[in-house]
Amino acid sequence: MLRPEMASKATRLRALALYKELHRLGRDYEPSYDFHGKLRRLFEKNRNLTDDEEIEKALRLGEYIKNETLALYSLRKYRYLKRMYPSNSTTSDT
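Now for a quick tour of the structure.

Conventions and cut-offs
- Residues numbered from 1 in each chain as written.
- Predicted model: local features only at pLDDT ≥ 70, side-chain atom pairs only at ≥ 80, totals over all residues.
- Heavy atoms only, no water.
- Helix = DSSP H or I, 4+ residues; strand = E, 2+ residues; numbered from the N terminus.
- Contact = heavy atoms within 4.5 Å.
- Areas by Shrake-Rupley, 256 points an atom, 1.4 Å probe, with all protein chains shown as cover.
- Core = buried A, V, L, I, M, F, W, Y, C linked by side-chain atoms within 4.5 Å.
- Buried < 20%, exposed > 50% of the residue type's maximum accessible area, 1.4 Å probe, protein only.
- Patch = residues over 30% accessible without salt bridge, like charges linked within 9 Å, V, L, I, M, F, W, Y side chains within 5 Å.
- Salt bridge = Lys/Arg side-chain N within 4 Å of Asp/Glu carboxyl O.

## Thoughts on the overall build of the protein chain
1) Next: A count of helical and extended segments in the protein chain gives three helices and zero strands.
2) Next: For the protein chain, the α and β elements follow one another from N to C terminus as α-α-α.
3) Next: Considering only residue pairs separated by 6 or more positions, the protein chain has 63% of its internal contacts joining residues 24 or more positions apart.
4) Next: In the structure as shown, the protein chain presents an accessible area of about 8,400 Å², 54% of it carried by carbon and sulfur atoms.

## Remarks on the nonpolar core
One broad rule of soluble globular proteins: the nonpolar side chains tend to lie buried together.
1) Next: Leu18, Leu22, Leu25, Phe35, Leu39, Ile55, Leu59 and Tyr73 form the largest nonpolar core, which has eight residues in total.
2) Next: At the level of elements, helix H1 (4-25), helix H2 (35-45) and helix H3 (52-84) are the ones that each hand at least two residues to this core.
3) Next: Every residue in contact with Leu59, bar those within four places of it in the chain, is listed here: Thr11, Arg14, Ala15 and Leu18.

## Regarding a nonpolar patch on the surface
1) Next: On the surface, a nonpolar cluster with roughly 480 Å² of combined accessible area is contributed by Tyr80, Leu81, Met84 and Tyr85.
2) Next: Its location among the elements puts Met84 in helix H3.

## Some details on the pattern of salt bridges
1) Next: Summed over the entire model, instances satisfying the criterion amount to five salt bridges.
2) Next: Across the pair Glu21 and Lys66 runs a salt bridge, and its minimum N-O distance is 3.2 Å. A residue pair is termed long-range when its members are at least 10 positions apart, and Glu21 in helix H1 and Lys66 in helix H3 qualify at 45 residues.
3) Next: According to the relative accessible area criterion, Glu21 is partly exposed, its value standing at 31%.
4) Next: On the basis of relative accessible area, Lys66 is assigned to the buried category, the value being 12%.
5) Next: A salt bridge links Arg41 to Asp34, with the nearest nitrogen and oxygen atoms 3.2 Å apart.
6) Next: On the basis of relative accessibility, which here comes to 48%, the residue Arg41 falls in the partly exposed class.
7) Next: Several salt bridges converge on common partners, so that one network encompasses Glu21, Glu63 and Lys66.

Following this line, the structure appears as structure tokens:
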């Protein structure tokens, strides 16, 4: 079993890694959405959490946001490719 200070260090490292990943993902977001500002405010709001369950809940929310952002980027790429290469089923042969 981990000692409390080791568990908190592991949790801190996990939170920092998540923040860095989300920050990198936010580079491609619309500037008008203020992704980095919202990300920073969310992490600062949860900065003083001490309950392990609450910390884990916040980290799971961050992971969810990361996965949803990745899904949105994949969808955007798919739509772009679909526009670039339209299907031939809409054209009629004469």
